[in-house]
Each structure stands twice: as C-alpha cells, then as structure tokens.
Amino acid sequence: MKRLFRHSQSPNPSTHRGRQRSTRVSTGTRLGLLLLCSVLVVGLVLTTNFAVAQSDSSLQEQEDQLIREYTLPTTPQKEPVYKPAPAAPPKKSSPTRKRTTPAPSQPPPQSQPTRSAPTSTEPEEPAPARRSPAPSSPAREEETAEAEPLPTGEYVLQFNRSPIVGNRFRFRGVYSEARLGFTRPRGWKIQGAKALIRFQHSPALIAKDSNLTVRVNGTSVGSVPLNRQQSEVGSVLFNVPSRLIQDYNELAIVARQSNDEKCSDPGDPTLWTEVLPDSELQFEYQPQPIPLNFSRYPYPFFDDLSLDTNRIVYLLPKVNDTWLTAAPRFQAALGRIAEFRPIDTEIINDLEDVEWGQRLVVIGTPAEQPGLEDLDLPFSISGNQILDGNQVALPSDVGILMMTTTLDGAVPVLVVTGNGADGVAKAAQFLVQPDSRKFGTGQAVLVDSLKTVDTPSLRDWPGYLPEKNSFTLSEIKTTENGDPFQDITVRGSAAPPILIDFHALPDDQFTRGSSMTLRYSYSPQINPRTSAVEVLLDGTFIGGARLTSEDGASRKRLKVDLPPHLIKPDSQLEVAFRLNPREPGVCGKVTDQQLTGTLHADTSFNLNRQQSVQLPDLGLFQEGYPFAAPQDLSRTAIVVPDSPSNTDLLTLLTVSERLGRLSKADSVKLDAYTTTTLPAEVRQGHHLVGIGTREQFPFPEVFDGSGFRLRDAFSRQWNQGRIQALPDNEGMIKEIMSPDNKERVLLALTAQTANGLERVRQVISKDPWFFQLQEDTVLISSNQQDAASYDPDAYTLEFLERAPSTGRIENTGLLSKVSRFIQDNWFFLPAGIFVIALLLYGISQFYLKRLSDQKSH
C-alpha cells in the first residue's frame, strides 16, 4: 500500500506520459460532449420551432373557428310574436320592414251559430263573462297594442267528426260506457266549455233507475234521467269547468239502464240509448300571443294538438334545383311529424296572397326570393346577400333559419335561406333531422355544419317486425309511444283484447312452420269451464286454450302456428282473455274485478320467411314499398317537367308528405329533379316517381308499354281497344318496372289535363282513398267539381288488372327460386313429369337390354 502510495506521489516519467494521455482523452471527451450539446441545442431549436409552428397552426385553426363564429346582429328589442286571430281574418296589409303606426285592433269574432238547448236538469255554473277588446286609438304606442289581450272566440266540436261515432253512438245493456278523446290547441286559454248532449232512448226504460252521466277527464260534470216519452229527442247542456281541460282530454258518457224494477236482463234489446252524432262540445277561448322561437319548433307551423287542419303555404320562387331539394324534404319531415293528422298545402306567388290561418314557408336565397326584403328579419339583406352584424356577407355554405310574422302577427313565417344553394340545403336539412333541430333556439339559427346521418339498412323498418326470425314480444314496439312491450295485465270478464301490431316487412314471403309461443298467467277464482285464452290474427282465430285451474296459474305456455297466408304488412295479433267468475251474476251485476290475465313479454316468435316480392303492386305502395326502402328515402327520386305547373309542384309536395308519413328515420334524403336535370346514375339506381300531364310527362315510355295507356288527342288504349274521350278529366296512377333497371320501380302520377292530375293529388293526400290502392293501374274520376275530403263518394277508383310484364325483387337461395318457379308455373309440372318418366323409361330399357345382351354372350 505504501509503495503504491509512493508511486502515486513520485514524479515518474511514465506517470507523466499517462497524465498526458489522460489529458488528451479528457479533451476528446469534452469535444464529444460539446458536439453532443450542439446537436441537442439544434434539436431543441428545431423542436421548439416545430412546436411553435404547430402552435401557430392551432392558433390559425382557432382563428378560423372564430371567423366561422359570425358576428350576429344586435338582438332586437322585441322578438316576433305570433298573435292568432280566433275568427275572421284581419284586414290584409302589405308586409313591410318598418311600421310607423300601430295596426288597429281586430274586431270581436262572430260567434258560430249554435243550437239553442234546454237547460240541464242539473244546476249550471254561471257562464263566464265574455270580454270584448277595447278599440285601439291610432295614437297608441305599439307596445300597448301588442300587450292588449286578443279577442275571445268560440269553437264547436261535433261528435260526428270522430270515426268512433260516425252516424250512430249507441249504448246497450244495464251498464254501458263510451269514451271520446279531444285535444286543446296550443295557445288556447279556455274561458269556458260546455257539452251539449242530444240523445234518444228506449221507451221501455224506467226513469228513476235509468240515467246518463257525463265525465270529463274522470270528473263528473252532470247527469240527466232517461225520462223522455216515445223516444223523443232530448237535449241537455252541461257546464265543464275550464280547469278540467288539458292538452289531451277524454269525454266519457255512462248509460245506466233498467226496464224492470226487480231485475233487468243485460241482453234485453230494449235496453238502449243513443247519443246523436250532432252532439257537440262548445269552447270559449282566448288565443295567447306566442313569441316565435326555434325551441318550440314545429309549433306554430304545425300544431299536433290542433282541432283543425294545419295549413302550410309555400312562397314559390322560380323553380330551381335548390327549391326542388329543400321543399320536398321539408314536406316529408312535416309528414313524419303529422303522422295521421291532416295537412293542407298550398302554393302562392306573392306575399300579398297569404291568408289568415296559414303558415308561410319561404325557401330559397334572397336572389330567388325577392320577397324576403319585405319581411322584418333579424339579418339585413343587401345586394341579394344576407349580412351579419358587421354588415359582411355570410358564406354561401352557411344555412340561415329565421322566424317572423306577417299580416300584423296573424301569420307566422319560416324562412329557410342562405347566400347559396349549399346553405339553403343545409338549413332545410337541419329541420328534417330530429337530433339536429332539438338544440335550435332563438329567432334565428345559423347552420355551419351538420352531422351526417348514416343510411339505415333496406329492411330496418321501425314499427315492423324485427329483421331476425327469432325474437320475443319485448322486441316489438308499442303503437302508442314506441316503447318495447312489457308484461300486460287485463282485468274483468269484459277485458279488452291485448293488441299487438304484427306488421310483416313488405317484401316478406312466409312459408309453413312459423309459430308463436304464448306465455301467460291468470288469477284464481275463475270458472274453468267457461274461461279461456284466445289468439287471433286479423280477427281470425288461430289458437287458444282453456284456463283449467281454479287456483290460477303463475306461468303457462301455448304454442300457436302462424298461418303464412294471414301475415301481412298491416296484420294485428290479438290475445284475448275470456275470464268468467265461478259465481254467476245477479241481475246483470257480476263481481269480476278480481279476475286477471297477464301476457308476458318473453312470449316468443319463430318465423320462416324469405325476402321475395312481386312488383308492380300498388297495394304495397300503401306501406311505402319500395320507395321507403331504406327509410330515409335515399333511393327514391321524384321527377317533374322542366316547366312545372303549380299542380305539378303541389303533387310533388303531396307525394313527399305521403312518403314521410310512411317512413321513420333520423333523416330525409329524398331527391327531386326536373326532366333535364335527372342524372343518369339516379335514373338507373333509384326508384322513380314521375309527375305531370301526358304531354309533359318526364317518362314517355310509360305510355308505350303494356296495359292501360294514354294517347294523344285525348285518346286511351287498353288491350286491343282504343277510344277518344272529350273531355278526359280522369287521373291515372300506374306502376311499372323501371325501363332502366328491372330491380327498380317507376310510379306514374299523370292525366290528360291538370284537373285529372289534381284528382290524383287528392287521392294520394287523403287516407280513405289512398289506402284503397291496389293492382298496378288506378283510374280516378269524380262527378263533383270540388269534392270534399270527408265525402266517401267524392271520387270513384277503378282498378285495372295487373299487366303481364311483372318483375320480382328477391334475395333467396337456389332451392327457393326453383320452388317458387314450380309454384308460379305449375301447369308445366304434368308435362315435366311426363318427360322425366319417358327419360327414366328409356334409361331403364337401355339398361335392361344391355343386361340381356351380356347374358346371351
């Protein structure tokens, strides 16, 4: 250790050389470290520059985002207010941007004449005092004019408007009850309501034991004894407290009838009472001013609680591709919202033509709709451009939606616009997509971007059977609210059947072997000899079983075969529990409320079906097929003439509305074109709907094919016959396979004249006539000039037999195709059997001859 220590301290030359080498190594290390540091510094600088560049790019994107968040105009001091008038329309005035003097107050409405009715036997509440609006002074400020209440109005709702009533509303038996539903329109403040009941009853009724009771939303509003002589018509007027009237209401009429002081037989035909169909509900209401806001959309342009038809009117621009894309999609979306409720659609050419009670829709750019400058809008317009708050023109791809009013607030106006075609289409698409329009609010909405909604599959039809063949009841949606079925319990001996919409897909073809496994339970105390559960399909009994246990059953199973020929797109299953108590009733009084039957949601279905459908068939058009496959209408195009008339455009909107009613999806992708703008790929790949009179019809090949044909000079041809008719005001609906694609369909809505085409439009728009369509050709005629929509005899429909040239859309295997070919061409079967027998006979003879030759050798 010392030696080593001494060596380390001695000035040895070798040690000096080692120090020199160490110094050189240290110097190299320093140079390497310095070089490494330089590289790191350069990398850090480059990384910093890249991060700065990224930051600059991010900042640029944020700036672009800020640029896209446009400067909005100053919020108006007063948002537009819709002030519906209750009766006569106000005097029409020119819609201008500014108004220097306030509009005069509307006069009090003229009450509808009502039938004078005798006073009810029950004491009536004093009728509320009817307020008349005070006349406004020309010197009043506009604020005062807008703040004053609107005049009250009266509305009469007769019972015969309900399909349940029709021409007769009869009550039979010891105890009978019937219900009618009605709504209260939005914006109505009920001041008073009355129910005028006109009735007749059997002269055999005992007055002191027979009466008629009226209930509104579960609250009795009065009773009247059935004491009229010789079936005289009686009238009674019941006051209905205004607090009882809600958005959705139910009027119940209960008849208690007796013709024997000791015991009345419930089946006695003399126990009857009829409420006459001209009975009515009388409302006195005050319409409330409604500030226009997209958070309330579609109100006030469509009111699902309205007692009258919603009236939509379009301001027509010069027809262009922008309007042809936006207007049909908007109308189809209205059809989906409306469902079964009627819509009256019109077209006007000028703002001056709008009428009281209508809802105005303006679609198009300011250049296409010059009338926009005459409306009081939150965005200013200059040089056919819509300007933002900084008076800068908005980009052409930004959609703009605005609400305003005209006719002094009596008509709401919806503006769907933009500075270009892309903007108008985007604004309209915002309104047709339910998920998008949910977050709209305010008087105006700028639509910068929209979520792209995927197209559903061809067989994804909400409200119809699931696509898979095995499913449970819980996978079927209810009609009322679209929720899945849960366990359902009914009670009593007169329990109503449980209804299940068993709608087959329109292209389903069922074969034998489909079945339903019913799972049910029932309560104790039933009579096993007379109690049963039944399954019916469209009213036809297909299966059932006795309820055999007096102590009830917690879970039972019943397998029921589903006949393939009964399952249709509008089919309905009924599960009915026939529950009878062990103890018989006394004098028609039965203790049966303890009896229950339950249908369980795990009831299962197993279907044997294939996808195969024969076309053309207007009966399938009642379900929307094939135009509503897929349900967003993306494979359907409507074509009108190059210079369409108002009747052509109204028919276009009517067909769009009908397709909207027949489909359910998260978007509408329906397309519309003129004859010259129809792309070749759309013509070949889409189902087509052609609209127009014969001379301007977009697809003249419809009149050259087989079946019924319209010719020039008002002539028509069918089979080997040809005639001329003057005038020819009949309409024609004809469906053929598309000449450009044998897997697509062409629907022709045409006529020789505009009057005939208008009749086609009426049939498409009105349910009682539309749901009669069948075969492949329908001729529509009428003996009335202006047919009423509620008149069942307004139009005559003549159905012609299906043309021999038909097609089939299918997705099946080879075995199914062979089986279907044999079924469709069964008359070839005997000849085929004979040929096969001859062939087998020849083969067998050849084989026997060969065997005999071998034996001989």
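Rules used throughout
- Sequence positions are assigned chain by chain, starting from 1 and proceeding in written order.
- In keeping with the model being predicted, local features are shown solely for residues with a pLDDT of at least 70 and side-chain atom pairs are shown and tallied solely at 80 or more, while totals for entire chains, interfaces and linings include all residues.
- Excluded from the side-chain calculation are hydrogens and water; included are all heavy atoms of the structure.
- Fitted lines through C-alpha atoms give the axes, limited to the stretch in contact for helices. The angle between two N-to-C directions lies from 0 to 180 degrees.
- In this description a helix means any DSSP run of H or I spanning at least four residues, a strand means any run of E spanning at least two, and both kinds are numbered starting from the N terminus.
- Oblique is the label for any angle not covered by the other classes, which are roughly parallel (under 35 degrees), roughly antiparallel (over 145) and roughly perpendicular (65 to 115).
- When checking whether two residues touch, look at their non-hydrogen atoms; a contact exists if any pair is within 4.5 Å.
- Under the scheme applied here, ten amino acids are nonpolar (Ala, Val, Leu, Ile, Met, Phe, Trp, Tyr, Cys and Pro), four are charged (Asp, Glu, Lys and Arg), and all others, including Gly, are polar.
- For a helix, the expected span equals 1.5 Å multiplied by the number of residues minus one.
- Using a 1.4 Å probe on the protein chains alone, a residue whose accessible area is under 20% of its type maximum counts as buried, one over 50% counts as exposed, and one in between counts as partly exposed.
- Salt bridge, as used here: a side-chain nitrogen of Lys or Arg that lies within 4 Å of a carboxyl oxygen of Asp or Glu.
- Working definition: a ring pair exists when centres of Phe, Tyr or Trp rings (six-membered ring for Trp) sit within 6.5 Å. Plane angles under 30 degrees give stacked, over 60 give edge-to-face, the rest tilted.
- In short, DSSP must find at least two bridges between two strands for them to pair.
- Patch membership requires over 30% relative accessible area and the absence of a salt bridge. Like charges are linked within 9 Å, and nonpolar side chains (Val, Leu, Ile, Met, Phe, Trp, Tyr) within 5 Å.
- Method for areas: the Shrake-Rupley scheme with a 1.4 Å probe, in which residue coverage is limited to the protein chains shown.
- Crossings are assigned a handedness: left-handed for a near helix turned anticlockwise from the far helix by less than a right angle, right-handed for a clockwise turn.
- In protein, a polar contact requires one atom able to donate a hydrogen and another able to accept it; more generally it is a pair of N or O atoms within 3.5 Å, and residues adjacent in sequence count only if both atoms are side-chain atoms.
- Each residue carries a pLDDT score, the predictor's confidence in it, ranging from 0 to 100.

K.L.:
Is there a simple way to explain the packing of helix α4 (residues 321-338) against helix α5 (residues 421-432) in this structure?
P.N.:
Two quantities define a packed helix pair, namely the angle between the axes and the distance from one axis to the other. Look at α4 against α5: their axes get within 9 Å of each other, and the N-to-C directions meet at 5°. Here α4 lies roughly parallel to α5, going by the angle between them. Where α4 abuts α5, its residues T322, A326, R329, F330 and A333 lie against A421, V424, A428, Q429, L431 and V432. For the contact of α4 with α5, the class distribution of residues is eight nonpolar, two polar and one charged.

K.L.:
Just to check I follow, could you spell out helix α10 (residues 754-765) for this structure?
P.N.:
A turn of α-helix holds 3.6 residues, and therefore any two residues three or four places apart point the same way. Along its 12 residues, α10 runs 16 Å from first to last C-alpha, staying within 8% of the 16 Å computed at 1.5 Å per residue. Among the residues of α10, those classed as buried are G756, L757, R759, V760, R761, Q762, V763 and I764.

K.L.:
Sorry if this is basic, but what is going on with the pattern of salt bridges here?
P.N.:
Working definition: two side chains of opposite charge can pair if their charged atoms are close together. Under the definition given, this model contains 27 salt bridges. Here E177 and R215 are joined by a salt bridge, their closest N and O atoms 2.8 Å apart. Residue E177 is located in strand β4 (residues 175-183), and its partner R215 is located in strand β6 (residues 211-216); the two are separated by 38 residues in the primary sequence. Judged by its relative accessible area of 23%, R215 is partly exposed. Each of E177, R179, R215 and E250 takes part in a single network of salt bridges with overlapping partners.

K.L.:
Explanation requested: the packing of aromatic side chains in the structure shown.
P.N.:
Each aromatic ring pair is characterised by the separation of its centres together with the angle its planes make. Enumeration over the complete set of coordinates arrives at 20 aromatic pairs. A ring pair is formed by Y314 and W323, whose centres lie 6.2 Å apart and whose planes are at 80°; its orientation type is edge-to-face. For the residue pair Y314 and W323, the accessibility class agrees, reading buried in each case. With 5.2 Å between their ring centres and 80° between their planes, F770 and F771 make a pair best called edge-to-face.

K.L.:
Teacher, can you tell me more about the pairing of strand β27 (residues 540-546) here?
P.N.:
Each regular strand displays side chains that alternate between the two surfaces of the sheet. In this structure, strand β26 (residues 532-537) lies alongside β27, joined through six bridges in antiparallel fashion. When the bridges of β27 are listed, L537 appears paired with T540. Linkage of β26 to β27, two consecutive antiparallel strands, is achieved through a turn of two residues, within which D538 is found at a positive phi near 55°.

K.L.:
Would you mind going over a nonpolar patch on the surface with me for this structure?
P.N.:
Together, I836, L839, L840 and I843 give the surface a local cluster of nonpolar side chains, amounting to about 410 Å² of exposed area. Here L840 shows up in helix α13 (residues 829-856). Looking at L840, the relative accessible area reads 54%, which means it is exposed.

K.L.:
Whenever I open this one, the sheet that holds strand β41 (residues 777-781) confuses me. Can you help?
P.N.:
In sheet architecture, strand pairing relies on hydrogen bonds along the backbone and comes in two forms, parallel and antiparallel. One open sheet accounts for seven strands, arranged β34-β33-β35-β40-β39-β41-β42; its pairing is mixed. Among the strands making up the open sheet, the edge pair consists of β34 (671-674) and β42 (796-800). For this sheet, the mean angle separating the axes of adjacent strands, direction not counted, is 15°. Packing against the sheet, α4 makes contact with β33 (636-640) and β34, and its axis sits at approximately 140° to β34. Each of β35 (687-691), β39 (731-737), β40 (745-751), β41 and β42 is contacted by α10, which is oriented at about 125° to β40, the strand it contacts most.

K.L.:
Explanation requested: the packing of helix α8 (residues 646-661) against α10 in the structure shown.
P.N.:
At their nearest, the axes of α8 and α10 sit 9 Å apart, and the two run at 15° to each other. Taken together, the axes of α8 and α10 are roughly parallel relative to one another. You can see that α8 and α10 cross each other, and the crossing is left-handed. Residues T647, D648, L650, T651, T654, V655 and R658 of α8 form the contact with α10, whose participating residues are A754, L757, E758, R761, I764 and S765. For the contact of α8 with α10, the residue count by class is five nonpolar, four polar and four charged.

K.L.:
Can you help me understand the pairing of strand β7 (residues 219-225) in this one?
P.N.:
Looking at chain direction, β6 and β7 are connected through six bridges and run antiparallel. Counted as the bridge partner of R215 is S220 from β7.

K.L.:
Looking at this structure, I do not really get the side chain of Q611. What am I missing?
P.N.:
Mapping Q611 onto the fold places it in strand β32 (residues 609-615). Looking at Q611, its side chain comes within polar contact range of the side chain of D507, at 3.0 Å.

K.L.:
So what exactly am I meant to see when it comes to the confidence of the model for the chain here?
P.N.:
Caution applies to low-pLDDT regions: their predicted coordinates should not be interpreted in detail. Here the chain averages 82 in pLDDT, while 79% of its residues score no lower than 70. Here residues 1-29 scores under 50 on pLDDT; set against residues more than four positions off or in separate chains, the count is one contact. With pLDDT under 50 throughout, residues 44-67 is counted as low confidence; its partners more than four residues away or in other chains account for zero contacts.

K.L.:
Just to check I follow, could you spell out unusual backbone geometry for this structure?
P.N.:
Of note, the bond from L615 into P616 is cis; its omega dihedral lies within 30 degrees of zero at 5°. Mapped onto the elements, P616 comes out in the loop between β32 and α7 (618-621). Along the chain, Y625 connects to P626 via a cis peptide bond; the corresponding omega equals 0°. Counting through the fold element by element, P626 comes out in the loop between α7 and β33. In this structure, Q230 is a non-glycine residue whose phi angle is positive, near 55°. Take Q230: it is sitting in the loop between β7 and β8 (234-240). Unusually for a residue other than glycine, Q525 sits at a positive phi of about 70°. Within the secondary structure layout, Q525 lies in the loop between β25 (515-522) and β26.

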